Amino acid sequence: TYWGNVNPIGLRSMYDEAKRFSEACTMAYHRERKVDTRIVRIFNTYGPRMDPYDGRVVISFIRQALNDEPITVFGEGKQTRSLCFVSDLVRGINLTMESDFIEPINLGNPDEVTILQIAKEIIDLVPGTKSKITFQPMPPDDPRVRQPDITRAKQILGWTPTVSRTEGLARMIEFYRD
Ligand code: UDP
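In this report, we go over the structure that sits alongside the text. Predicted model only: the values in this text are computed from it and were never measured.

1. Some details on the site of the ligand
Okay, so step 1: Taken together, 15 residues are adjacent to the ligand, and T72, F74, R81, D142 and R146 come closest.
Okay, so step 2: Here an oxygen atom of the ligand and a side-chain polar atom of N44 are 2.9 Å apart.
Okay, so step 3: The separation between an oxygen atom of the ligand and a polar main-chain atom of V57 is 2.8 Å.
Okay, so step 4: For the ligand, the accessible surface in isolation is 520 Å², of which the surrounding protein chains cover 88%.
Okay, so step 5: Secondary structure elements with two or more residues in the shell around the ligand: α2 (57–66) and β3 (71–74).
Okay, so step 6: Of the residues contributing to the shell around the ligand, the split by class is six nonpolar, five polar and four charged.

What follows is the structure in structure tokens.
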């Protein structure tokens, strides 16, 4: 039901507006050309095979912890995110494709956590790391909280994430250690 509250000329506007435009296109093709479509709104996802330098939080912290580099927490690390393990997300996308529901469905893990807590958990999961947490300037327009409402996914798809953060982070660390 969220219609988007976007600064159309802001620093992130290419990203934000592109998502809105994609949903508009999808619905237009669905209505005008009868294309069989689905819309998934993907929230923060992590797992093996991410680009170590893509800049997102989990892969950055894991790369830093494994290389004994400083863990770069932006701001005071009080902002929150909710992290979904990739296998849960993929299962949700498959279920969406197999359903006949054409309106947007949120997919993500509602287990909300601060960025500082993520940094601490990753340090704990890499025993012997010499990495220490450092605090860096907060990027502009960084959302303070983010947590998906997955009511629709639960009701329509019977989907709920099953991989805990501890398990998902451990599996990801194992992948990059190898
Ligand atoms: N973040 C951080 N250190 C990093 C990378 C990201 O503290 O090295 C923070 C970032 O400021 C944001 C959160 O982690 O608050 C998630 O950032 P990411 O880019 O992974 O995802 P998004 O901002 O799109 O949710």
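2. Remarks on the packing of aromatic side chains
Okay, so step 1: Within the structure shown, the criterion is met by two aromatic pairs.
Okay, so step 2: Between Y46 and F85, the aromatic rings sit 5.4 Å apart at their centres with planes inclined by 70 degrees, giving edge-to-face as the arrangement. One end of the pair, Y46, is in strand β2 (residues 45–46); the other, F85, is in strand β5 (residues 84–85), with 39 residues separating them in the sequence. The residues Y46 and F85 share a single accessibility class, namely buried.
Okay, so step 3: Ring centres 4.9 Å apart and planes at 80 degrees place the aromatic pair F175 and Y176 in the edge-to-face group.

3. Re the nonpolar core
Okay, so step 1: Grouped together as the largest cluster of nonpolar side chains are 23 residues, with contacts concentrated most on Y46, V58, F61, I122 and M172.
Okay, so step 2: Where this core is concerned, the elements lending two or more residues are α2, β3, α4 (115–125) and α6 (165–177).
Okay, so step 3: Leave out the neighbours within four places in its chain, and M172 touches Y46, G47, P48, M50, V58, I59 and I62.
Okay, so step 4: The next biggest cluster of nonpolar side chains, apart from the first, holds nine residues, and it includes C84, F101, L157 and W159.

4. Focus: the environment of S131
Okay, so step 1: Within the secondary structure, S131 sits in the loop between α4 and β8 (133–136).
Okay, so step 2: In sequence terms S131 and D36 are 95 residues apart; their C-alpha atoms lie 49 Å from each other.
Okay, so step 3: Filtering out sequence-adjacent residues up to four positions away, S131 remains in contact with Q64, A65, D68, E69, I71 and I123.
Okay, so step 4: At a separation of 3.0 Å, a polar atom in the side chain of S131 contacts the main-chain carbonyl oxygen of Q64.
Okay, so step 5: Here the side chain of S131 touches E69 through a polar contact of 2.6 Å, landing on its backbone oxygen.

5. Some remarks on unusual backbone geometry
Okay, so step 1: Unlike most non-glycine residues, K34 shows phi in positive territory, near 60 degrees.
Okay, so step 2: Looking at the secondary structure, you find K34 in the loop between α1 (13–33) and β1 (39–42).
Okay, so step 3: You will see that D141, though not glycine, has its phi angle at about 60 degrees, which is positive.
Okay, so step 4: Mapped onto the elements of the fold, D141 is located in the loop between β8 and α5 (151–157).
Okay, so step 5: Residue D141 is classed as exposed on the basis of its relative accessible area, which comes to 51%.

6. Some points on the pattern of salt bridges
It is possible for side chains of opposite charge to pair when their charged atoms get near one another.
Okay, so step 1: Considering all chains together, one arrives at twelve salt bridges under this definition.
Okay, so step 2: The salt bridge involving D142 is made with R81; its shortest N-O contact spans 3.0 Å. Within this pair, whereas D142 is found in the loop between β8 and α5, its partner R81 is found in strand β4 (residues 80–82), the two being separated by 61 residues in sequence.
Okay, so step 3: Its salt-bridge partner being R91, residue D88 comes within 2.9 Å of it at the nearest N-O pair. Placement of both D88 and R91 in helix α3 (residues 86–98) is noted, with a separation of three residues, approximately one turn of the helix.
Okay, so step 4: Under the relative-accessibility criterion, D88 is labelled buried at 1%.
Okay, so step 5: On the basis of relative accessibility, which here comes to 33%, the residue R91 falls in the partly exposed class.
Okay, so step 6: Residues participating in the shared-partner salt-bridge network are D111, E121 and R165.

Calculation criteria
Residues numbered from 1 in each chain as written. Predicted model: local features only at pLDDT ≥ 70, side-chain atom pairs only at ≥ 80, totals over all residues. Heavy atoms only, no water. Near = heavy atom within 4 Å. Polar contact = N/O pair within 3.5 Å; in protein donor to acceptor, adjacent residues only side chain to side chain. Areas by Shrake-Rupley, 256 points an atom, 1.4 Å probe, with all protein chains shown as cover. Helix = DSSP H or I, 4+ residues; strand = E, 2+ residues; numbered from the N terminus. Nonpolar A, V, L, I, M, F, W, Y, C, P; charged D, E, K, R; others polar. Phe/Tyr/Trp six-rings, centres within 6.5 Å; stacked < 30°, edge-to-face > 60°. Buried < 20%, exposed > 50% of the residue type's maximum accessible area, 1.4 Å probe, protein only. Core = buried A, V, L, I, M, F, W, Y, C linked by side-chain atoms within 4.5 Å. Contact = heavy atoms within 4.5 Å. Salt bridge = Lys/Arg side-chain N within 4 Å of Asp/Glu carboxyl O.

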